[in-house]
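Okay, here's what each chain looks like letter by letter:
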Amino acid sequence: MTTLKDRLRTDLTAAMKARDELRSSTLRMVLSAVTNAEVAGKSAKVLTDDEVVTVLTSEAKKRREAASAFAEGGRAESAQREEAEAGVIAEYLPEQLTDEEIAAIVAAAVESTGAAGEGMRAMGKVMGVVQKQTKGRADGGAVAAEVKKQLGAS
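Residues numbered from 1 in each chain as written. Predicted model: local features only at pLDDT ≥ 70, side-chain atom pairs only at ≥ 80, totals over all residues. Heavy atoms only, no water.

Chemist: Would you explain a negative patch on the surface in this entry?
Modeler: Side chains of Glu 95, Asp 99, Glu 100 and Glu 101 sit close together on the surface and give a patch of like negative charge. With respect to the secondary-structure elements, Asp 99 resides in helix α5 (residues 99-113). (Patch = residues over 30% accessible without salt bridge, like charges linked within 9 Å, V, L, I, M, F, W, Y side chains within 5 Å. Areas by Shrake-Rupley, 256 points an atom, 1.4 Å probe, with all protein chains shown as cover. Salt bridge = Lys/Arg side-chain N within 4 Å of Asp/Glu carboxyl O. Lys, Arg positive; Asp, Glu negative; His and termini not counted. Charge placed at Lys NZ, Arg CZ, Asp CG, Glu CD. Helix = DSSP H or I, 4+ residues; strand = E, 2+ residues; numbered from the N terminus.)

Below, the structure written as structure tokens:
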């Protein structure tokens, strides 16, 4: 069974052979971030696929934020580059949840934690349950917004 990191390396080699500059530079950047995460801390370790997904999610978020910053600053070409890089990274992430799926997961978490009557005080409790289920499959901001919406409505 190949790991996600092995797949990234294999795809980097293929992108280099195909002379795909965007894909190869993006994969190099991502592999560098994975390596940095592996050597961070007191001792080096090999990341699991879940930990690699966490790094990929973080890198994709950086690209989306940079793209919106470039777009606001009137640098459309740079924004397009960042969006293209985010698209390459997204290919390695699990399939993203829809808004309806996020809402259903949050509703189930609110019910299971008994947070329905507590309002916003229960946000941390609900987020703890929801984040385990949505890790790498949904943007944290979208999840938090849905939790706020559902807790505020109760």
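So that's the structure; there's more coming.
Chemist: So what exactly am I meant to see when it comes to the packing of helix α2 (residues 21-39) against helix α4 (residues 76-90) here?
Modeler: To describe two helices that pack against each other, one gives the angle between their axes and the distance between the axes. Where α2 contacts α4, the two axes come as close as 10 Å, and the packing angle between them is 70°. As judged from the angle between their axes, α2 and α4 are roughly perpendicular. Considering how the two elements wind past one another, α2 and α4 form a crossing that is right-handed. Here α2 contributes Glu 21, Leu 22, Arg 23, Ser 25, Thr 26, Leu 27, Met 29 and Val 30 to the contact with α4, which in turn contributes Arg 81, Ala 84, Glu 85, Val 88 and Ile 89. (Axes fitted to C-alpha atoms, helices over the stretch in contact; angles between N-to-C directions. Parallel < 35°, antiparallel > 145°, perpendicular 65-115°, else oblique. Left-handed = near helix turned anticlockwise from the far one by under 90°. Contact = heavy atoms within 4.5 Å.)

Chemist: Before we go on, may I ask you to explain the environment of Lys 5 in this structure?
Modeler: By the element assignment, Lys 5 lies in helix α1 (residues 4-17). A residue is classified by how much of its surface remains accessible, and Lys 5, at 13% relative accessible area, is buried. Distance in space between the C-alpha atoms of Lys 5 and Val 30 is 9.6 Å, their sequence separation being 25 residues. (Buried < 20%, exposed > 50% of the residue type's maximum accessible area, 1.4 Å probe, protein only.)

Chemist: Which parts of the structure should I look at to understand helix α6 (residues 123-134)?
Modeler: Since one α-helical turn is 3.6 residues long, residues separated by three or four positions face the same way. Spanning twelve residues, α6 covers 16 Å between terminal C-alpha atoms, matching the ideal 16 Å at 1.5 Å per step. When α6 is considered as a whole, its buried residues turn out to be Met 123, Val 126, Met 127, Val 130 and Thr 134. Along α6, the residues classed as buried sweep out an arc of 95° about the axis, all on the same side. Turned more than 90 degrees off the buried face of α6, the exposed positions are Gly 124 and Lys 132. A positive backbone phi angle near 75° is found at Gly 136, which sits one or two residues after α6. (Expected span 1.5 Å × (residues − 1). Arc of directions from axis to C-beta.)

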